[in-house]
Amino acid sequence: KDLTSNRKEKNLILEQMSLILLLKQSINCRDLKMASIYQIRLAELIPSAKDNFFLYLEMMYLHCQIRYEHEQYMESAQILNNLISICDQRSLQSITIPYYLFLSKIHLKCHGEVTMIMEYVLKAWSICKSYHFYYWLPECAIFLSKLHLKLNNIKQSLNLIQRNLPTILKKNNYLIIESYIILAKCSIHNNQSIAAIKYLHIARVWCSKLIKNDKAFNQSYIAKELLQEIYYFLARLYENINDQKNRDKSAQKMFDIMDKIENDSNDNNDF
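What comes next is a walk through the structure. (Residues numbered from 1 in each chain as written. Predicted model: local features only at pLDDT ≥ 70, side-chain atom pairs only at ≥ 80, totals over all residues. Heavy atoms only, no water.)

Details of the side chain of Gln 39
Point 1. With respect to the helices, strands and loops of the structure, Gln 39 is situated in helix H2 (residues 32–45).
Point 2. In this structure, Gln 39 is in contact with Leu 23, Met 59, His 63 and Ile 66, ignoring residues within four places of it in sequence. (Helix = DSSP H or I, 4+ residues; strand = E, 2+ residues; numbered from the N terminus. Contact = heavy atoms within 4.5 Å.)

What follows is the structure in structure tokens.
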């Protein structure tokens with residue numbers, strides 16, 4: 001009986017973990033119909049926090065991302081606030097960092113009140129420092145840098161990226177691309193077109209490298225959106241320096257990516 005029970009428990013955990021991985025992949029690809037199917041099945045296996053607390057947190061965090069993609073921002077924010085409250089009750093503040101960052105993303109999408117949003121990001125930053133939990137520091141630095149850009153605090157935005165770039169590079173993911181795009185935008189604000197073009201090409205090379213070496217990133221919508229942004233700014237910059245050939249080439253690549261995003265969206269909606 002004990003062996004049978006242990007085997008069933010192991011199989012249950014394997015199924016739960018497999019569904020979480022599939023759910024993450026669906027969200028990354030914005031395949032929301034498949035994500036909903038995996039979410040329903042996962043909720044059947046983990047009906048409450050009592051069954052498996054940390055897997056429950058993971059499931060609900062993914063659920064809030066699905067709500068966000070469906071533009072149900074209030075519901076998504078409510079889930080995150082509930083998760084933060086549950087963790088605070090158990091003195092698990094150290095794992096609330098991504099929740100505060102996602103709350104920042106929701107509020108930025110809804111109203112763009114930068115002062116309020118910055119409070120959430122600084123809360124996440126403070127938890128990172130307090131618990132010596134530096135895994136999330138690159139995300140915090142990039143988010144803060146973006147907010148400073150919105151406030152036209154170019155120097156603060158630039159300093160944040162330059163100071164944290166060594167840590168960001170260690171992540172070996174799309175945050176590197178975002179960092180170089182921010183450096184390019186800072187250069188644009190400072191009327192340094194050539195420097196901005198250089199940073200955008202570094203971002204493009206990193207994006208191509210990750211697309212080639214990381215299957216999950218290659219299939220994600222983030223890869224396409226980052227490339228679209230890179231080619232958009234390259235086209236604008238080449239226009240500014242009267243380089244018509246490279247402007248047209250960059251603009252065409254941007255339109256190709258936009259068509260790809262639209263086609264992928266239609267494929268998912270036709271499921």
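What to know about the state of the cysteines
Point 1. One pass over the full model with this rule turns up 0 disulfides.
Point 2. Free of any disulfide, Cys 110 has its nearest neighbouring cysteine sulfur in Cys 64, separated by 12 Å.
Point 3. Judged by its relative accessible area of 44%, Cys 110 is partly exposed.
Point 4. Not part of a disulfide, Cys 186 finds its nearest cysteine sulfur in Cys 140, a span of 18 Å.
Point 5. The exposure class of Cys 186 is buried, given its relative accessible area of 1%. (Disulfide = S-S within 2.5 Å. Buried < 20%, exposed > 50% of the residue type's maximum accessible area, 1.4 Å probe, protein only.)

Some details on the environment of Ser 193
Point 1. By the secondary structure assignment, Ser 193 is in helix H10 (residues 193–213).
Point 2. On the basis of relative accessibility, which here comes to 22%, the residue Ser 193 falls in the partly exposed class.
Point 3. Discounting chain neighbours no more than four positions away, the residues touching Ser 193 are Leu 237 and Ile 241.

Examining the pattern of salt bridges
Point 1. Taken as a whole and assessed by the stated rule, the structure comprises 10 salt bridges.
Point 2. For Arg 30, the salt bridge is made with Glu 69, and the minimal N-O distance between the two is 3.0 Å. Taken as a pair, Arg 30 in the loop between helix H1 (2–28) and H2 and Glu 69 in helix H3 (residues 53–69) lie far apart in primary sequence, 39 residues in all.
Point 3. Its relative accessible area of 31% is what places Arg 30 among the partly exposed residues. (Salt bridge = Lys/Arg side-chain N within 4 Å of Asp/Glu carboxyl O.)

Focus: the packing of H3 against helix H5 (residues 97–110)
Point 1. Contact pair H3 / H5: the axes reach a minimum separation of 12 Å and the direction vectors enclose 10°. Classified by the interaxial angle, the pair formed by H3 and H5 is roughly parallel. Counted together, Leu 57, Tyr 61, Cys 64, Gln 65 and Tyr 68 of H3 and Pro 98, Tyr 99, Phe 102, Lys 105, Ile 106 and Lys 109 of H5 form the full contact between these two elements.
Point 2. Taken together, the residues that form the contact of H3 with H5 break down as 8 nonpolar, 1 polar and 2 charged. (Axes fitted to C-alpha atoms, helices over the stretch in contact; angles between N-to-C directions. Parallel < 35°, antiparallel > 145°, perpendicular 65-115°, else oblique. Nonpolar A, V, L, I, M, F, W, Y, C, P; charged D, E, K, R; others polar.)

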